[in-house]
Amino acid sequence: MWHTYWKQLDLSHTVFMLKYAFRYLIRFRQFSVINILGLTLGTSAAFILLGVAYFESSYDNFHSQGDKIYRVLMHHQSGAGGSESYASTYSPIAKRLKEDFSEVTDYVRTYHSPSLISLEMQEDKISFNEDRVCFASESFFSFFSVPIIQGDKSGSLGSPDAAYISASASKRYFGDENPINKTITRNSNENYTIYGVFADPPLNTHLNFDFILSYNAYAVSDPENDVDANWSWWDTYYAYIKISESVSIQQMEKRFPAFMMKYRGDTWTTRGYRVELSLQPLSQIHYGIDDDKALIDDVSTIRKSNLYTFVLVAIFILMVAWINFVNLSTAQSFMRAKEVGVKKILGSRKLQLLWQFMSESLVTNGLALIAAIALTWAALPYLISTLDLQISIENFLNLTFLAFFVLILLAGALFSGYYPSLILLSHSPIKILKGNFSTSPRGNVYRNVLLIFQFSCTLFLVVSTLGVFKQMNFMKGEELGVNIDKRVTFLAPMDRDSTYDQRIGSFLEELSSSPSVTGYSSSSTVPGIPQEFKIGGVRRLESSADNSSQFGLSYIDEKFIDFFGLTILTGSNLDESLPADADKVLINESAARRLGYSNYEDAIGDQIVIPRGTVTIKGVIKDYHNESLKSDFEPSIFRFRGEGFKDHHTIAFATTGEVSNLLGDIESKWSEAFDGRPFQYFELDHLYEQQYETENNFGSLILLFSCVAILIACLGLYSLASFNLMRQRKELAVRKVLGAPISVLIISQYKKYALLVTSAAVLAIPLGFYFVQQWLAAFANKITLGIDLVIIPIGLIILITCVTITQIILKAVHTNPVTVIRRD
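Please read these numbers as outputs of a predicted model, since none were measured by experiment.

This brings us to the side chain of glutamate 56. Inspection of the secondary structure assignment puts glutamate 56 in helix α3 (residues 29–56). Look at glutamate 56: it is buried, it has no salt bridge, and the nearest opposite charge is arginine 303 at 13 Å. Of note is the side chain of glutamate 56, whose polar atom sits 2.5 Å from the side chain of histidine 286. Contact partners of glutamate 56, with chain neighbours within four places excluded, come to His286, Tyr287, Ile302 and Leu307.

Have a look at this one:
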């Protein structure tokens, strides 16, 4: 039968079907426009959301041997409580693993070091502060798939003077000149020869460097810090290993405790904390280690739950669009019933009619696809720039993703066209022509179920969006406990000499004489960024080592406390005029609790043990949020140290205007004091805002596409209500003739949709609550879910429903019943 049918279905017949499909769309243009608009919005929104999710899930999947590469993570578990997880490890880790584990076939270790890179020209000198500078061991280019496009293609990093630079860095320093064998200088005293140029790292990699320098050069530059024997410091060292095939990672990790005992010793009994190692697949680095636990010193990551949410919202939006199409098509079935009946009587085969209706569906979806491509192409640049998404338009043109998405659209188009076609073809032509055709109760139930699903999706998105934005507003509005208003921090030069302390002191004193500057402070860190130093083994002098813990450490000056508006709860501030205060410290509340002081006054004058000595507590500071409210308060110690340990210099402005207007004068003074050193600064309030960038982007995307889903649902609801009332017009006319008040007729219509909204709320509200609770689990400071997350979404959906259908209902009940009865 199929062979005979397809033989009869020649090209001319297909063209005729397509022409007929277009005639049908024009004939019912109001509902055709609604269908196409809904499908266009749904397709465009789903494409963008799925494209973002696909791109984020593709991080570091382009390395040829990526399935064998693992990053070594380090976890500190303290005896007194608290645990920290790090992406960085000790420098010797990778090399020792290669020596002690036969499963390890190769390794790479890196050291990340923001640097001042300079190029001496004949008449000028080019200098930039570069954040993306990496020292890497010899196997880097054979280990990772980083293509070298110019120069030595072997990627040799054995020579201490070897340097490879990215194409964009080459352009920045050399323009169109050949950079090979040219010399660049790091921090004014280290010279490197450019061996090659590598392609700019793609956006979907955590190895986003502009300069790859020889690890041997780092070892030579700091001979006192033996990179193969230093088991005391771990910050900015990263270790990668390559594992042979058919190796059990779990079995390998079980041997790590003995490995650490061999090289690190029993830190649990000597310093009160245990160091544990684990392996993280290269493809999982972009996700951190857990949805509710972050790595302290990791690169930019994204929560897996955010990607799942993007996919879920995309599916919801597509399904809402397709459900609209199905509901409208089945609702139209009674209007096309006689057409089908006549064609059946005249001999049209069932498969021919099926192809006719399927062609209409495919044409509708095809037109929607064309419109969606245009809409997406126009909207993407705006979304990328407005939301500062780390993605480019080219990333959406991945062939694998495009093929996958087209298959989804094709499957949806076929399904959304197939079911309504079956409904039309399932009725007897005799009954149709006798006028006995009507939509079945089962069909009505099916449409109502689909409508409930639409409402459920919409309610779920509204609850989720409301929860996300409540959390974001809470974090932005909550008191930080620190004054960051109109405070600008500039970074110390990356290269320093013996005159640095004197010059920076004079520079700050000169700035403070300006009437627009109210004060300054120098410190190793500032509010808004993680503390640079982490120290372990901290305990009270009389406590045993197994009560030790790990603390953050900041080096400050005596102005720091008052400058940032911090509160000393008990004790007093450090005083630089008192030599004894060099061995005294301030601690915050969290540190006091971790050390076991239930009464903070008991801490004053008490001694605590820290690495390389014993210090006395002089004061306890009220906890403040050194980072965003995503993180909990960190136990911290504050003490004096020389200027060489204070990389951040912060000034406070008295002006009510924009501080950026005053920075030009400061930069000129900086150039006088530090000639050739770039002036690099940031505003602290902006720094805190940047920490919420991931959540802001997530919330903005969900809000935007939730609105799209609501709009699509409204289009479908409007059309379906129109068809339902068209079908019920005779019933309404008869009831009006029999004396039914208009108010009763209106309420009867509202009751139907109120029942649908109630059913959707029962399904969607608990799911929305669960999603928000899971999303909030990653935040140390979070909102409490209240009844507003029920009332507001339901009220909003009811309002949207009423606005959508009220005009249609009023028009139907106010129509002259005599006109309706005569016409029907």
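Residues Phe310 and Phe705 are the most contacted members of the largest nonpolar core, which totals 104 residues. The element best represented in this core is helix α24 (residues 742–776), accounting for 13 residues. Among all residues touching phenylalanine 705, those that are not within four sequence positions of it are Ala45, Ile48, Leu49, Val313, Ile317 and Leu383. Residues Tyr70, Tyr86, Trp231 and Tyr273 belong to the second largest nonpolar core, which totals 25 residues.

The next point concerns the side chain of threonine 489. The residue threonine 489 is located in strand β14 (residues 487–491) in this model. Owing to a relative accessible area of 0%, threonine 489 belongs among the buried residues under this scheme. The residues touching threonine 489, leaving out its near neighbours within four places in the chain, are Val526, His648, His649, Thr650, Gln680, Tyr681, Phe682 and Leu684.

Right, let's get into the packing of helix α4 (residues 93–100) against helix α9 (residues 256–264). Axis separation between α4 and α9 bottoms out at 12 Å; the angle between their running directions is 115°. If you check the angle between α4 and α9, you find them roughly perpendicular. Crossing handedness for the pair α4 and α9: right-handed. For the pair α4 and α9, contact is made by Ile93, Arg96, Leu97 and Asp100 and by Phe256, Phe259, Met260, Lys262 and Tyr263, respectively. For the contact of α4 with α9, a count of residues per class yields six nonpolar, no polar and three charged.

Pairing is antiparallel in the open sheet, where four strands are placed in the order β15-β23-β14-β24. Edge strands, defined here as strands with exactly one partner in the open sheet, are β15 (517–523) and β24 (681–683). On average, each strand axis in the sheet is tilted by 20° relative to the strand beside it, whichever way the strands run. Contacts from helix α17 (residues 500–512) reach β14, β15 and β23 (648–653), with the element oriented near 160° to β15.

For the pair α17 and helix α20 (residues 663–673), the least separation of the axes is 10 Å and the interaxial angle reads 155°. Between α17 and α20, the crossing angle belongs to the class labelled roughly antiparallel. For the element pair α17 and α20, the recorded crossing hand is right-handed. Of the residues in α20, those in contact with Arg503, Ile504, Phe507, Glu510 and Leu511 of α17 are Ile666, Lys669, Trp670 and Ala673. Looking at the contact of α17 with α20, its residues break down into six nonpolar, no polar and three charged.

Take the packing of aromatic side chains next. Scanning all chains against the criterion turns up 45 aromatic pairs. Ring geometry for phenylalanine 101 versus phenylalanine 256: centroids 5.6 Å apart, planes at 75°, classification edge-to-face. Highlighted residues: phenylalanine 101 in the loop between α4 and β3 (104–112) and phenylalanine 256 in helix α9, separated in sequence by 155 residues. You can call phenylalanine 101 buried: its relative accessible area is 3%. A relative accessible area of 1% means that phenylalanine 256 is categorised as buried. The interplanar angle of 65° and the centroid separation of 5.0 Å between the aromatic rings of phenylalanine 143 and phenylalanine 144 together place this pair among those described as edge-to-face. On the accessibility criterion, phenylalanine 143 (1% relative accessible area) is buried. You can call phenylalanine 144 buried: its relative accessible area is 1%. Among the aromatic side chains, those forming a connected cluster through ring pairs are Phe140, Phe141, Phe143, Phe144, Tyr164, Tyr195, Phe198 and Tyr240.

About the thresholds
Residues numbered from 1 in each chain as written. Predicted model: local features only at pLDDT ≥ 70, side-chain atom pairs only at ≥ 80, totals over all residues. Heavy atoms only, no water. Helix = DSSP H or I, 4+ residues; strand = E, 2+ residues; numbered from the N terminus. Buried < 20%, exposed > 50% of the residue type's maximum accessible area, 1.4 Å probe, protein only. Lys, Arg positive; Asp, Glu negative; His and termini not counted. Salt bridge = Lys/Arg side-chain N within 4 Å of Asp/Glu carboxyl O. Polar contact = N/O pair within 3.5 Å; in protein donor to acceptor, adjacent residues only side chain to side chain. Contact = heavy atoms within 4.5 Å. Core = buried A, V, L, I, M, F, W, Y, C linked by side-chain atoms within 4.5 Å. Axes fitted to C-alpha atoms, helices over the stretch in contact; angles between N-to-C directions. Parallel < 35°, antiparallel > 145°, perpendicular 65-115°, else oblique. Left-handed = near helix turned anticlockwise from the far one by under 90°. Nonpolar A, V, L, I, M, F, W, Y, C, P; charged D, E, K, R; others polar. Pairing = 2+ DSSP bridges. Phe/Tyr/Trp six-rings, centres within 6.5 Å; stacked < 30°, edge-to-face > 60°.

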